[in-house]
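Understanding the architecture of this molecule
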Amino acid sequence: MTGQTESPLIEIAGLTKRFGAFTAVDDVSFKVARGEVLGFLGPNGAGKSTTMRMLAGFMTPTAGRASICGHDVQADAVAARKMLGFLPEGAPTYPEMTVLSFLKFVARIRGYSGGELADRVDHAIGLTTLAGVRMQPVETLSKGFKRRVGLAQALLHDPPVLVLDEPTDGLDPNQKHEVRTLIARMAPSKAIVISTHILEEVDAVCSRAIVIANGRVVADATPAELAKRHPSGKLDDVFRALTQPKAA
Ligand SMILES: Nc1ncnc2c1ncn2[C@@H]1O[C@H](COP(=O)(O)OP(=O)(O)OP(=O)(O)O)[C@@H](O)[C@H]1O
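Note that the structure is a prediction, hence the values are computed from the model and not measured.

The ligand sits among Phe19, Ala24, Gly42, Asn44, Gly45, Ala46, Gly47, Lys48, Ser49 and Thr50. Broken down by element, the shell around the ligand gets its largest block of residues, three residues, from helix α1 (residues 48-55). Of the residues in the shell around the ligand, the class split is three nonpolar, six polar and one charged.

Written out as structure tokens, the structure is:
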């Protein structure tokens, strides 16, 4: 420890995405420091995936900027992506590859070769409990296993920043628990953003939560602070109050 305050590893300022006349993400700003696990919450269509894609440099914003470890994700994309592990929504691409060949392919793209490549792939397979399916084509896996292959590729290079779009989607309760434990274990050394619909996940792994509705941030607080905003003390009541359209 140097005693110096480290700059946030993730910085988003005024991020906006319009599709024609429709504004999907509207002036979103936040910072995430090392050690934080930020839960990104919101109803279907709120703008979570669009924000995460822009943060990961996979979609160009209409306005605003995002940076990872000080590197602008658009202007300095290669440097930013080295510092980032991104789990997009849905299943991994290249469905015809086996789990092992897909992860080796990702490792080669990440610049690894020889023994180091093999070690990286083995480690990612171990972290995500994929050893039993390593020779199986990705397209033949169940949804939960596909999700874990996506997670394995995001973790492979041990990046300081993780952006995980619904990491536990499709997992059974045991697998959900494993992935949450893994996230909690990695948390002290990384800045992590996870989007989720599952409010218990926020209590389980997040040190902070942002709620987004209609593309706008409507709350940014710790889970305990958020829970206090409703007499029931329940996050799902707070979520409903923040995100449901008011009755006329
Ligand atoms: N390429 C696109 N063209 C037009 N509209 C889009 C496009 N991508 C997303 N949208 C719209 O932007 C809004 C936000 O979508 P987004 O996928 O970011 O929401 P989300 O919060 O991730 O939702 P979910 O929880 O259902 O995954 C939605 O109304 C969606 O239909």
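So, next bit.
The next thing to look at is the pairing of strand β9 (residues 208-213). The buried count for β9 comes to five of six residues, which makes it a mostly enclosed element. Bridge analysis of strand β3 (residues 37-41) against β9 gives four bridges, and the strand direction is parallel. Paired with Leu38 across the bridge in β9 is Arg208. Where β9 meets strand β10 (residues 216-221), five bridges bridge the pair, whose relative direction is antiparallel. Across the sheet, Ala213 pairs through a bridge with Arg216, a residue of β10. Hairpin connection, β9 to β10: the antiparallel pair is bridged by two residues, and Asn214 has positive phi, about 50°.

Before going further, it helps to examine the sheet that holds strand β8 (residues 191-196). Taking strand neighbours across the sheet as the criterion, the six strands line up as β6-β7-β8-β3-β9-β10 in an open arrangement whose pairing is mixed. Here the strands that pair on one side only, and so sit at the sheet edges, are β6 (84-87) and β10. Here the strands of the sheet are splayed against their neighbours by 15° on average, with no regard to which way each runs. Both β6 and strand β7 (residues 161-165) contribute to a ladder of four bridges, which runs parallel. Looking at the pairing, Phe86 lines up with Val163 of β7. Those strands touched by α1 are β3, β7, β8 and β9, and its axis lies near 150° from that of β7. Along the sheet, helix α9 (residues 235-243) makes contact with β3, β9 and β10, crossing β9 at roughly 35°.

Ile10, Leu55, Leu103, Ala152, Val161, Val163 and Ile192 are the most contacted members of the largest nonpolar core, which has 66 residues in total. Considering each element in turn, this core owes the most residues, six residues, to helix α5 (residues 143-155). Split by domain, the residues of this core number at least three in each of domain 1 (1-83 + 159-179 + 186-248) and domain 2 (92-158). If sequence neighbours within four positions are ignored, Leu103 has contacts with Val121, Ala124, Ile125, Ala152, Gln153 and Leu156.

This part takes up the domain arrangement of the protein. Each domain of the protein was delimited in the assignment, giving domain 1 (1-83 + 159-179 + 186-248) and domain 2 (92-158). On a C-alpha basis, the centres of domain 1 and domain 2 stand 25 Å from each other. On the side of domain 2, eight residues touch domain 1, which itself brings eleven residues to the contact. Those elements that place two or more of their residues in the side of domain 1 that touches domain 2 are β7 and α6 (173-186). Of all the elements, α6 adds the most residues to the side of domain 1 that touches domain 2, at three residues.

Scoring rules and cut-offs
- Once a new chain begins, its residue numbering starts again from 1 and follows that chain's sequence as written.
- In view of the model being predicted, local features appear only for residues whose pLDDT reaches at least 70, and side-chain atom pairs are presented and counted only at 80 or more, with totals across whole chains, interfaces and linings using the full set of residues.
- Each residue gets a C-beta atom placed from its backbone. If that atom is within 6 Å of a molecule or strand, the residue is near it.
- Secondary structure elements are taken from DSSP: a helix is a run of H or I of four residues or more, a strand is a run of E of two residues or more, and numbering for both begins at the N terminus.
- All residues other than Ala, Val, Leu, Ile, Met, Phe, Trp, Tyr, Cys, Pro, Asp, Glu, Lys and Arg, Gly among them, are scored as polar; the first ten of these are nonpolar and the last four charged.
- Three classes are used. A residue is buried when 20 or more other C-beta atoms lie within 10 Å of its own, exposed when 12 or fewer do, and partly exposed in between, with C-beta atoms placed from the backbone.
- Should DSSP find at least two bridges between two strands, the strands are regarded as paired.
- Interaxial angles span 0 to 180 degrees and are taken between N-to-C directions of axes, which are lines fitted to C-alpha atoms, for helices over the stretch in contact.
- We call two residues in contact if the C-beta atoms placed from their backbones are at most 7 Å apart.
- Each nonpolar core comprises buried Ala, Val, Leu, Ile, Met, Phe, Trp, Tyr and Cys residues, the members being joined through C-beta atoms within 7 Å.
- The domain limits used here are those given by an automatic or database domain assignment.

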